[in-house]
Each structure stands twice: as structure tokens, then as C-alpha cells.
Amino acid sequence: MLIRPSRPWEISENDVTPESVYLNRRSILTGMGLGGAALAAGMLPNSVSAAITGFPAPRNGEFTLDRPITDEEEATTYTNFYEFGSSKNIWRKAKRLKVDPWMVTIDGMVENEIRIDATDLLGKLGGQEERLYRHRCVEAWAMAVPWTGVPLSRLVKFARPNAGAKYLRIETFNDPDIAPGQRQRWYPWPYVEGITIEEADNMLAFLATGIYGKPMPKQNGAPIRLVLPWKYGFKSIKSISRITFTDEKPMSFWEELQPREYGFWANVNPEYDHPRWSQKTERMLGTKDRLDTIKYNGYGEWVEDLYKDMEQDRKLFF
Ligand SMILES: Nc1nc2c(c(=O)[nH]1)N[C@H]1C(S)=C(S)[C@@H](COP(=O)(O)O)O[C@H]1N2
Ligand SMILES: [Mo]
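Each value, and the rule that gives it
Along each chain, the written sequence defines residue order, and numbers are assigned to residues from 1. Each chain gets a letter, beginning with A, and each ligand a number, beginning with 1, in the order they are written. Reporting of local features is limited, given that this is a predicted model, to residues whose pLDDT is at least 70; pairs of side-chain atoms are given and counted only at 80 or more, and all residues count toward the totals for whole chains, interfaces and linings. Excluded from the side-chain calculations are hydrogens and water; all other atoms, namely the structure's heavy atoms, are used. Values of pLDDT, the confidence the predictor places in each residue, fall between 0 and 100. Here, residues are in contact when the closest pair of their heavy atoms is within 4.5 Å. Helix numbers and strand numbers start at the N terminus; a helix is a DSSP run of H or I with at least 4 residues, a strand a run of E with at least 2. Take a side-chain nitrogen of Lys or Arg and a carboxyl oxygen of Asp or Glu: if they are within 4 Å of each other, that pair is a salt bridge. For every residue, the accessible area (1.4 Å probe, protein chains only) is compared with the maximum for its type, and the residue is labelled buried under 20%, exposed over 50%, or partly exposed between those bounds. For two strands to count as paired, DSSP must find a minimum of two bridges between them. Axis definition: a line fit to C-alpha positions, over the contact stretch in the case of helices; interaxial angles, taken between N-to-C directions, run 0 to 180 degrees. Summary of the distance rule: residues count as near a molecule or strand when at least one heavy atom falls within 4 Å of that molecule or strand. Contacts described as polar in this section are N or O atom pairs within 3.5 Å, which, within protein, must combine one atom able to donate a hydrogen with one able to accept it, while residues neighboring in sequence count only if both atoms come from side chains. Reported accessibility uses the Shrake-Rupley method at a 1.4 Å probe radius. Residues are deemed covered only where the shown protein chains occlude them. Three classes are used, and their members are as follows: Ala, Val, Leu, Ile, Met, Phe, Trp, Tyr, Cys and Pro are nonpolar, Asp, Glu, Lys and Arg are charged, and the others, Gly among them, are polar. For patches, a residue must show more than 30% relative accessible area and have no salt bridge; joins then use 9 Å for like charges and 5 Å for nonpolar side chains, namely Val, Leu, Ile, Met, Phe, Trp and Tyr. Charged residues are defined narrowly, with Lys and Arg counted positive, Asp and Glu counted negative, and His plus the chain ends left uncounted. Charge placement uses NZ in Lys and CZ in Arg. For Asp and Glu, CG and CD serve respectively.

With that settled, consider the confidence of the model for the protein chain. Residues at a pLDDT of 70 or more form 84% of the protein chain, whose mean pLDDT is 89. A low-confidence stretch, residues 1–6 (pLDDT under 50), is modelled with 2 contacts involving residues beyond four sequence positions or located in other chains. Throughout residues 14–42 the model reports pLDDT below 50, and contacts reaching past four residues in sequence, or to other chains, amount to 25 contacts.

What follows deals with unusual backbone geometry. Apart from glycine, the bulk of residues carry a negative phi angle, and the bulk of peptide bonds sit in the trans form. Here phenylalanine 55 and proline 56 are connected by a cis peptide whose omega angle stands at -10°. Position of proline 56 among the secondary structure elements: in the loop between α3 (36–43) and α4 (72–77). The backbone of arginine 160 shows a phi angle near 55°, a positive value even though the residue is not glycine.

With that settled, consider the pattern of salt bridges. Scanning the entire structure with this criterion turns up 15 salt bridges. For the salt bridge of glutamate 72 with lysine 214, the shortest nitrogen-to-oxygen distance reads 2.7 Å. Residue glutamate 72 is located in helix α4, and its partner lysine 214 is located in strand β8 (residues 214–215); the two are separated by 142 residues in the primary sequence. For arginine 160, the salt bridge identified is with glutamate 111, shortest N-O distance 3.2 Å. Taken together, the positions of arginine 160 in the loop between α6 (152–159) and β5 (167–172) and glutamate 111 in the loop between β1 (103–108) and β2 (114–117) put the pair 49 residues apart, joining distant regions of the chain. For glutamate 111, a relative accessible area of 57% corresponds to the exposed category. In the salt-bridge network here, residues are joined through shared partners; they are Asp66, Arg67, Arg134, Arg136 and Glu282.

Sheet analysis places β1 next to β2, joined by 4 bridges and oriented antiparallel. Paired with threonine 105 across the bridge in β2 is arginine 115. Hairpin connection of β1 to β2: 5 residues between the antiparallel strands. Summarising the sheet, β1 and strand β10 (residues 240–246) pair through 4 bridges and their orientation is parallel. When the sheet's bridge partners are listed, aspartate 107 is paired in β10 with threonine 244.

Inspection of the secondary structure assignment puts glutamine 184 in the loop between β5 and β6 (192–196). For glutamine 184, a relative accessible area of 28% corresponds to the partly exposed category. Sequence separation between glutamine 184 and glutamate 83 is 101 residues, and the spatial gap between their C-alpha atoms is 9.1 Å.

For the rest of this paragraph, the subject is the sheet that holds β1. Pairing is mixed across the open sheet formed by 5 strands, whose spatial order is β2-β1-β10-β5-β6. Among the strands making up the open sheet, the edge pair consists of β2 and β6. Averaged over neighbouring strand pairs, the angle between their axes works out to 15° when direction is ignored. The pairing of β5 with β6 spans 5 bridges and is classified as antiparallel. Bridging across to β6, tyrosine 167 finds its partner in threonine 196. Each of β1, β2, β5, β6 and β10 is contacted by α6, which is oriented at about 60° to β10, the strand it contacts most.

This next bit is on the site of ligand 1. In the region of ligand 1, 18 residues are neighbours, and Tyr82, Glu83, Arg225, Ser236 and Lys238 sit closest. Within the backbone of serine 236, one N or O atom sits 2.9 Å away from a nitrogen atom of ligand 1. In the complex, 99% of the free accessible area of ligand 1, which totals 530 Å², lies under the protein chains. Of the residues that constitute the shell around ligand 1, the class distribution is 8 nonpolar, 7 polar and 3 charged.

The subject of this paragraph is a negative patch on the surface. There is a patch of like negative charges on the surface, built from Glu62, Glu301, Glu304 and Asp305. Residue position: glutamate 304 is located in the segment after α9 (300–303). Owing to a relative accessible area of 42%, glutamate 304 belongs among the partly exposed residues under this scheme.

Moving on: the environment of arginine 96. Looking at the secondary structure, you find arginine 96 in the loop between α4 and β1. Owing to a relative accessible area of 44%, arginine 96 belongs among the partly exposed residues under this scheme. Considered as a pair, arginine 96 and glutamine 219 are 123 residues apart in the sequence and their alpha carbons are 9.9 Å apart. The residues contacting arginine 96, other than those within four sequence positions of it, are Asp177, Ile178 and Arg183.

Right, here's the structure in full:
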């Protein structure tokens with residue numbers, strides 16, 4: 001028997017976005033003649049007005065890919081940003097986000113509590129670099145993209161956490177006037193994510209300000225977002241407005257909604273199926289390719305040590 005899910009977060013990717021609808025939307029775009037000229041007039045999915053500069057940044061060659069880079073238009077028009085709605089097709093709605101100025105608060109168990117504009121914050125975190133990373137959404141789609149940004153460890157250092165601080169609790173803006181999804185009261189806004197200080201200090205953890213050598217498009221999380229390539233995509237929180245250092249394990253947005261499906265750790269592992277679908281393979285955006293999913297999304301050599309005492313805990317992979 002087919003039970004119709006009543007809550008949107010209980011719907012798998014295939015239900016949310018039947019491929020037919022997606023393809024249809026693309027052909028509508030093409031049919032409207034959204035070619036070069038219209039796109040140049042501010043309709044490009046990646047047009048932004050962020051003040052963060054330094055694009056493109058030099059590429060850090062340490063991070064290589066086992067697959068082609070995802071088409072830019074795919075990665076910037078097929079996005080998850082529930083603040084603007086539960087479909088993947090929110091890139092136009094996200095244009096309402098005002099990212100300049102953009103205040104970020106760093107607080108909690110730190111010596112350097114500060115409320116600072118994102119551009120000024122970046123100025124204090126050193127030079128930006130580009131990294132090619134794989135990205136694996138818990139819904140079993142994936143992409144491979146060049147992010148621009150700085151290691152998150154630099155922000156940890158800048159904040160100067162107290163010895164007792166164990167976690168970073170990271171929050172997205174909350175402005176229902178701008179983000180229609182935030183008028184839906186059944187979600188526990190604002191979007192929150194959490195990681196341990198050790199995870200934040202891991203060299204892979206990245207504070208991204210851009211993609212494809214340009215400032216971050218709003219729909220991808222302008223002006224700054226997290227990128228944690230060894231974890232399911234929902235941990236990579238967008239449009240960060242607050243980072244709180246704490247000794248309490250943060251409760252995240254998705255964990256609050258569905259603790260059995262979206263846990264605190266959320267490390268990628270094909271051996272542990274999602275309660276409602278398999279995690280064995282992933283669909284590469286913009287292609288028909290299905291690739292095998294790899295434990296820690298292929299980043300085991302960087303992150304295994306973080307979890308060596310917890311390997312037996314199923315919770316590590318939800
Ligand atoms: N604030 C916020 N951050 C978010 C989300 C969201 O809905 N809101 N979606 C997450 C999910 S499920 C994924 S897969 C990635 C998607 O990033 P992308 O749209 O840039 O590919 O962002 C994550 N960060
Ligand atoms: Mo996701």
C-alpha cells in the first residue's frame with residue numbers, strides 16, 4: 001500500500017523532484033529563450049552582489065576528483081535551501097536575500113566574541129583558495145564542484161575558544177519576510193547545524209564564499225556557508241549568521257524533525273541505508289551516471305582518525 005507522506009521532509013528526492021518535472025522545467029527555460037543576452041541582464045543563476053573579493057582564488061592541488069566537475073548551471077539551479085521552499089528550483093526566489101552587508105556573530109565559549117560583517121571577517125581569515133570537492137546529498141544525488149573559501153580552522157583560531165568548548169553550533173539567518181519557507185511554522189527555524197571542534201579543525205572543513213571561481217550565488221548559500229565533504233550535504237549549512245562555541249551538543253534542524261533519519265554525525269557510508277532508501281549509489285547532477293557511494297564520501301584518509309573510537313556506532317552514519 002502506498003501511504004502518501006504528509007510532511008515534506010518525509011519525501012525522498014525522487015518523490016520531491018520527479019525527473020520529468022525537472023527536465024520539463026529546463027526545457028521551459030530554454031523555450032523562453034533564456035540565452036546569453038537575457039542571462040547577462042542579471043538573470044544568470046549565479047549573479048550576485050557580494051562584497052567579498054578575490055575570485056578566482058588559486059587552486060589548492062591537494063584535493064583531486066575521481067569524476068568530472070558538475071556543470072555550473074546544474075549546480076547553481078538544482079539546490080536545497082528550505083528557507084526558500086522545499087523544491088530544488090528555488091534559485092530565483094533566493095535572489096531576495098540581501099547579502100551585502102551581512103553580519104555574522106561569533107559567540108559563546110570564546111575569548112573573541114564579535115559581531116562582524118562577512119567581508120571584514122573574511123579579511124581577518126587570510127587568503128582564499130579553491131578546492132575541488134565531491135558533495136553527497138543524503139537524498140542520493142551528488143555533484144563535484146570547485147569551492148572558494150578558507151579552512152574553517154582559521155575561524156576557530158580567530159575565535160579563540162575556551163578549553164571547555166566542544167562544539168560549534170552554526171545558524172542560518174531567520175527572516176520570513178525574505179524567505180517564504182520560513183513562514184512554514186512546522187519547521188524549527190532557523191536552520192541549525194553542529195559539529196565538534198575537532199571536526200571544525202580538520203583540514204577538509206571549509207568555509208566557502210564562492211563556487212566556480214565566482215562569489216557564492218545566493219541559492220548556494222551566499223555570502224558564506226560550510227562545506228563538509230565527508231558528511232551528507234545537509235550538514236553543509238548555508239548563509240551563516242551565527243557561530244556559537246558551546247559545551248553542549250547542538251540540536252540540528254533536521255535532527256529535530258527526524259532524529260532517526262538525520263543525525264548529528266551524518267558521515268557518508270553506503271553500508272547504512274537511509275530508513276527509506278538505499279545509500280549505495282548516487283546520481284551525479286546533470287548526468288545519467290550512477291556512481292558507487294564511498295565511505296566518508298572518499299575522504300577517509302583525512303577524517304578516519306576523528307572517529308576511530310566510535311567506528312562501531314551506527315549513529316556515526318545517520
Ligand atoms: N540554511 C540551509 N543550509 C542548507 C540547506 C538548507 O535547506 N538550508 N540544505 C542542505 C542540503 S540538504 C544540501 S544537500 C546542501 C546543498 O547545497 P547546494 O544547494 O549548494 O548544492 O545544502 C545544505 N545546506
Ligand atoms: Mo541534502
